[in-house]
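# Working through the structure, step by step
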Amino acid sequence: MKTKRCTLRLPASVDPRRIWERAAGSHTCEPMDDRVGVQTFFDTFDWRLFNKNLVLLHDQDRYLLYRLPDRETVASVSVPCGTEPVYSTDFPEGSLKEALQAHVSVRALLPLARATTRRQTVRVLNRNEKTVVIAKLEQARVADTPRNGQPINTVSLRPVRGYEKHSRRLDRSLRDAGAEPGTEDLYHAAMRATGRNPGDYTSKLVIVLEPNLNGAEAARRILGHLFRKIRRNEAGIKEDVDTEFLHDFRVGVRRTRSALSQIKSVLPEVPLGRFRKDFSYLGKLTNRLRDLDVTLLKEDAYRSLLPGYLRPRLDPLFESLRAERTGEHRRLAAALDGDRYQKIAADWTAFLEGPPDADSPDNAEAPAIALAQRFIGKRYGRVIELGAGIETSTPDAELHRLRIECKKLRYLLEFFTSLFPSGEIRLIVEHLKNLQDNLGDFNDLSVQQEDLKSYLEVSSPARTHPETFAAIGGLIGCLYREQQNVRAAFSKTFTEFNRAEIAATFRRLFA
């Protein structure tokens, strides 16, 4: 078992060396290390590391992943100077790369704060010249902030086992000299100095609705929450930071369209008709770019499905897709800066923040919980009816219809989760997600096959190597077989969702 480390914060207005010398005056101190450098903290836009109590730190030529609670290093690696990894796949092979891939997936690692530091490590000796405490004095200034000139000074004490009393004595002396107790390390101090709030964005939907809200109030709160998420992702899309900005933007648009179509007669119909068209336009605007992202993210997986000699023959396909993606991204970025999008955003914000309408629709004053029960119960009935009718001979289009119905049901559950027991909603969503994953995989495999077929149709035999046709044909065959396997698994997945326990929960909550 490791000995417990004690951390104290030193006043910015006092020379930290003077405080340390005063507190440690009765001990002999031997310097161990004294280094000056720059530390940069990284995380994803949606705080995937922080949410796991982890921090990625770049310090000199090393990247360190450490745990926030005990500041213990999980993994580290040296990276050559001038190399700046952005994605987990950019790191050298090893435990750090594996840990980052597990936690951040395809998201970019963004520099959140940078601090210049001086770190001095000393060995504290007793009168017998035995090491009793390892002390670290850290002086840091966070760059590029309004508080740029204000230092952040800390001292940490780690007692050697069996000599804890010396650490306690130093701790008391430091406090008497002006140090303050605190558990905040440089990461939290840097976040505070830069005005960042760790965990302030998540792709998950967290909407709190009070039971006494009426339909109109609940709808405005839901739609406002969704639009704030949409807008948070605009800059990341335009800068092309990573593909998840577009994904979250599209999910926000889809959820908004679903709310406008499903939460009925709570807001005035005349303006909503126009806004439904606006959000439909935004969905179509992003469709092709997202399809290209999904395919390009699967590049390595696609190549692995083919014999080694055919894998390089996919190069022309992926070069073509990357070129098309460049054009699609440029078009979308221009649209987000364009007049039409800016007007949609301004008008939608004004509508959501405007006063309630004098002529309230039928459900405007109805309790939100009663509306949720009615809407969710009706949608659940459609999902069960459609799913129960799907057999091996059922056309693929019916699975697509069911996928859309499941998505609508999932969105309703997410919108109104806070009005119902969390454990029971979690049970429902868990099984619904499994069904959605099956149907989503089936649809993705269908779209990917169609894209590959389209590429073959426009490829010139005179300018395309025969093995490229063979490679793409083989890939279509592999995707088709996988799609059939996914479809074969549908029956079991649907039966699991439609089991008695889930059905009883739906009846109890939403009947």
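Residues numbered from 1 in each chain as written. Predicted model: local features only at pLDDT ≥ 70, side-chain atom pairs only at ≥ 80, totals over all residues. Heavy atoms only, no water.

## Some points on the confidence of the model for the chain
Of the residues in the chain, 97% reach a pLDDT of 70 or more, and the chain-wide mean stands at 91. Per-element mean pLDDT across the chain ranges from 75 in helix 1 (residues 16-23) up to 98 in helix 6 (residues 234-239). (pLDDT = per-residue confidence, 0-100. Helix = DSSP H or I, 4+ residues; strand = E, 2+ residues; numbered from the N terminus.)

## Remarks on the sheet that holds strand 4 (residues 62-67)
What holds strands together in a sheet is hydrogen bonding between their backbones, with the strands either parallel or antiparallel. Here nine strands make up an open sheet; going across it, the order is 5-4-3-2-6-7-8-1-9 and the pairing antiparallel. Since the sheet does not close on itself, it has two edges, and those belong to strand 5 (73-78) and strand 9 (180-181), each with one partner. Note that strand 2 (residues 28-43) and strand 6 (residues 110-125) share 15 bridges and pair antiparallel. Bridge pairing links Gly 37 to Thr 117 in strand 6. Contacting strand 1 (6-10), strand 2, strand 3 (54-59), strand 4, strand 6, strand 7 (131-142) and strand 8 (152-159), helix 4 (residues 186-194) crosses the sheet at an angle of about 140 degrees to strand 6. (Pairing = 2+ DSSP bridges. Contact = heavy atoms within 4.5 Å. Axes fitted to C-alpha atoms, helices over the stretch in contact; angles between N-to-C directions.)

## Topic: helix 2 (residues 95-104)
An α-helical segment advances 3.6 residues per turn. Residues three or four places apart therefore align on the same side. Residues Leu 96, Lys 97, Ala 99, Leu 100 and Val 104 constitute the buried set of helix 2. One side of helix 2 carries all its buried residues, which in axial view fall inside an arc of 165 degrees. Those residues of helix 2 that are exposed and angled more than 90 degrees off the buried face are Glu 98 and Ala 102. Buried residues belonging to helix 2 abut strand 3, strand 4 and strand 5. At the C-terminal side of helix 2, Ser 105 shows a positive phi close to 55 degrees. (Buried < 20%, exposed > 50% of the residue type's maximum accessible area, 1.4 Å probe, protein only. Arc of directions from axis to C-beta.)

## Observations regarding the side chain of Asn 443
Within the fold, Asn 443 resides in helix 14 (residues 422-458). For Asn 443, a relative accessible area of 19% puts it in the buried group. Dropping the residues within four chain positions of it, Asn 443 is found in contact with His 400 and Arg 403.

## Quick look at the side chain of His 329
Assignment of secondary structure puts His 329 in helix 10 (residues 315-337). Ignoring anything within four residues of it in the chain, the contact list for His 329 reads Ile 237, Lys 238, Asp 240 and Leu 289.

## Let's talk about the pairing of strand 1
Counting buried positions over the five residues of strand 1 gives four, a clear majority of the element. Inspection of the sheet shows strand 1 paired to strand 8 by five bridges, in the antiparallel sense. Opposite Leu 8, over in strand 8, you have Val 155 as the bridge partner. One ladder, built from two bridges, connects strand 1 with strand 9; its direction is antiparallel. Looking at the pairing, Leu 8 lines up with Pro 181 of strand 9.

## A few points about helix 7 (residues 244-262)
With 19 residues, helix 7 extends 26 Å from end C-alpha to end C-alpha; this agrees with the ideal 27 Å at 1.5 Å per step. In terms of burial, helix 7 is a largely internal element, 15 of the 19 residues being buried. (Expected span 1.5 Å × (residues − 1).)

## What to know about the packing of aromatic side chains
Counted under the stated rule, the structure contains 21 aromatic pairs. Between Phe 249 and Tyr 341, the ring centres sit 6.4 Å apart and the planes meet at 45 degrees, which makes this aromatic pair tilted. Separated by 92 residues along the polypeptide, Phe 249 in helix 7 and Tyr 341 in helix 11 (residues 339-353) bring together distant segments of the chain. Residue class for Phe 249 comes out buried when judged on its relative accessible area of 1%. Consider the rings of Tyr 411 and Phe 415, whose centres lie 6.5 Å apart with planes at 25 degrees: the pair is stacked. (Phe/Tyr/Trp six-rings, centres within 6.5 Å; stacked < 30°, edge-to-face > 60°.)

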